[in-house]
Amino acid sequence: MAYLALARKWRPQTFEDFIGQSHIQTALQHALERKNIHHAYLFTGTRGVGKTSVARLFAKALSCMDGISATPCNRCQHCQSITQGQFLDLIEIDAASKTKIEDTRELLNQVSYPPSLGRYKIYLIDEVHMLSTHSFNALLKTLEEPPEKTIFLLATTDPEKLPTTIQSRCLQLHLHHVDTKQIAQHLGNILKKEQIQYSEDGLLLLAKAAQGSIRDALSLLEQALALSPHDSDQNIQTLSQEHVTHMLGTMPDKDIQSLLIDICEQNIEDVQNKVDGLLQHNYNFKAIIDQILSYLYHTNQNLIFNPNDAKEISLPISHQQCHVYIQLTLKARQELDQYPYHHMGFTMLIMRMLSLKLNASNLQSIITQQVAELEPKPHHRAPDILTKREKKTPQATPNTTPAATAPSSVHDWEGLITSIPIKGLAKSLITQCTLESNWNDHSWSILIPITQQSLLTTATKSSIEKAITQMLPHIQKIQFKTTEKKTKTIPRTIAATETTKTKPPLNLEQDTLLKSIQSTLKAEIEH
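Right, let's walk through the structure included here.

Rules behind the numbers
- Residues numbered from 1 in each chain as written.
- Predicted model: local features only at pLDDT ≥ 70, side-chain atom pairs only at ≥ 80, totals over all residues.
- Heavy atoms only, no water.
- Pairing = 2+ DSSP bridges.
- Helix = DSSP H or I, 4+ residues; strand = E, 2+ residues; numbered from the N terminus.
- Contact = heavy atoms within 4.5 Å.
- Axes fitted to C-alpha atoms, helices over the stretch in contact; angles between N-to-C directions.
- Buried < 20%, exposed > 50% of the residue type's maximum accessible area, 1.4 Å probe, protein only.
- 1 Å grid on protein atoms, 1.4 Å probe; cavity = no way out; pocket = protein on both sides within 12 Å on 5 of 7 lines; lining within 4 Å.
- Points joined across faces, edges and corners; volume = space filled by probe spheres on them.
- Nonpolar A, V, L, I, M, F, W, Y, C, P; charged D, E, K, R; others polar.

A word on the sheet that holds strand 10 (residues 477-483). Ordered by their spatial adjacency, 3 strands build an open sheet running 8-9-10, and the pairing between neighbours is mixed. The open sheet has two edge strands with one neighbour each: strand 8 (434-435) and strand 10. Relative to strand 9 (residues 443-449), strand 8 runs antiparallel, the two being bridged by 2 bridges. Across the sheet, residue threonine 434 finds its bridge partner in strand 9, namely leucine 447. Of the strands in this sheet, strand 9 and strand 10 are in contact with helix 21 (residues 458-471), which crosses strand 10 at around 130°.

As structure tokens, this is what we get:
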């Protein structure tokens, strides 16, 4: 038989084989036992926690020839076909490669056909969040009311990208991250079945590096086994912690503890020797910084919650100093990719930790500085900015808009319109309006002819309101009303006044053209 990767070889075949997903196991087993089968399930969770595996197992439980059961037999033709990926009524679709609407329409055209062999026709759509918007819209009606004997199983790592209309039509089951100890125990059980000796500390390191993913843990285990020594028959002898740390590029916990103790005790020469030793090897400095952060976190936890338990406290450090080191480590982790080489960021972290040592002389100054940074700073420059803006306001010139007239110099509507500091459409509109309210009222109603209603936009309204309230501070509210009645407008008065001011009276006797006509026709001008 061809070699199978550990993640495929040890894929769960029963609900009891699942690790750390007891809530999913219980919910599906109860549904199967009670025959309460929903038409659409949505499995969510991070990578490698078993979304596709639990969907396949659920399909196997629905299709087993012994009947719908929470414990499929794994011996009948249907169960074996599903295990081998050859069952006709289990259609697996990779949404990442079939995102177009044409692919979804092809799927929907086949939904109406009944199952060929099993009880249900089951569609397993993996990474469903990759479908296009049009594909989701086409799927809505069928997902809400699918044909009889049709079940949809959807799996995704990013449920936030799914439309709420899709989520509301499915029974959603979320798979959690798996606990580190459960992963290590699972890896140990697999190695026992594979008849490979192992170190429990090495498995724990692999489980931590997997970050809650069973598939990642199995992939890392397979990589570590490839680096482990083999005997003459090419059988793996043992999986040790040393091989695991070498593969991950990390340090043993005892070395992390030794480095942090030297930093706390200010043993600069010993720290330098340890750092130089690390630089000579191909370590993963990002992983080492994570190790330091994790070690400081657990130390700080013990300092605060178990201060009297000396066995749990492994560093000669106060919880205040531990907080400082944690902040420095977090900052170094964020800045690590900004350095040309990762070892430079790691070395800078060590130097900062050696430099920032709290003591009685500098503790008060550091606290004072931190408190000062937290206090809100007054905005001292705001008056200066306003003053500069006022100074930069251009003075009135013949071509500029006149300044707002003082309230005491405007006593009627005509005077207001004549001196109001606006122009353009707003000026054209206000000259067509009349004041319905009394002059001394705090709330004004301004009438606009219905023929000029199109000029009343948000911009012209805001411009008029701003100009009037600046000239007459007692006006608190301005309301515009349209009217079909003819209003007493004053554009003609303004035009006549401006014409009188700008154009001199016409002197017919001085007109040369008129004189020429008069001499030719021998006519006289009558006044």
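Here we take up unusual backbone geometry. Located in the positive-phi region is asparagine 74, a residue other than glycine, with phi close to 60°. Locating asparagine 74 in the fold gives a position in the loop between helix 3 (51-63) and helix 4 (77-84). Of note, glutamate 127 is a non-glycine position whose phi angle comes to about 50°, a positive value. Among the secondary structure elements, glutamate 127 is positioned in the loop between strand 3 (121-126) and helix 6 (133-144).

Here we take up the side chain of aspartate 262. Structurally, aspartate 262 is set in helix 12 (residues 253-264). Residue classification places aspartate 262 among the buried positions, given a relative accessible area of 8%. Residue contacts for aspartate 262: discarding those within four places in its chain leaves Asn267, Asp270, Val271 and Lys274.

In this fold, serine 437 is placed in the loop between strand 8 and strand 9. Remark: the alpha-carbon pair of serine 437 and leucine 447, spanning 10 residues in sequence, is separated by 9.5 Å. Those residues in contact with serine 437 that lie beyond four places of it in its chain are Ser443, Trp444 and Ser445.

Glancing now at the sheet that holds strand 4 (residues 150-156). Strand order across the open sheet formed by 5 strands is 2-3-4-1-5, with parallel pairing between neighbours. With partners counted over all chains shown, the strands left at the sheet margins are strand 2 (90-94) and strand 5 (171-174), one partner each. Ignoring which end each strand starts from, the neighbouring axes of this sheet average 15° apart. Where strand 1 (residues 40-44) lies against strand 5, 4 bridges are found, and the strand directions are parallel. What sits directly across from phenylalanine 43, in strand 5, is leucine 173. Packed on one face of the sheet, helix 3 meets strand 1, strand 2, strand 3 and strand 4 and runs near 180° to strand 3.

As a volume, the largest pocket reaches approximately 860 Å³. Mapped onto the lining of the largest pocket, the elements with two or more residues apiece are helix 8 (180-193), helix 9 (200-210), helix 12 and helix 14 (285-305). Residue contributions to the lining of the largest pocket peak at 9 residues, all from helix 14. When its residues are assigned to classes, the lining of the largest pocket shows 7 nonpolar, 10 polar and 8 charged. When its volume is computed, the second largest pocket comes out at roughly 650 Å³. Lining the second largest pocket are 29 residues, and of these Trp10, Arg11, Pro12, Ser53 and Ile214 sit closest to its centre. For the lining of the second largest pocket, the elements supplying multiple residues, two or more each, are helix 1 (6-9), helix 3, helix 8 and helix 10 (214-227). Looking at the lining of the second largest pocket residue by residue, the classes come out as 9 nonpolar, 9 polar and 11 charged.

It is worth stressing that arrangement in space is one thing and function is another; only the former is reported here.
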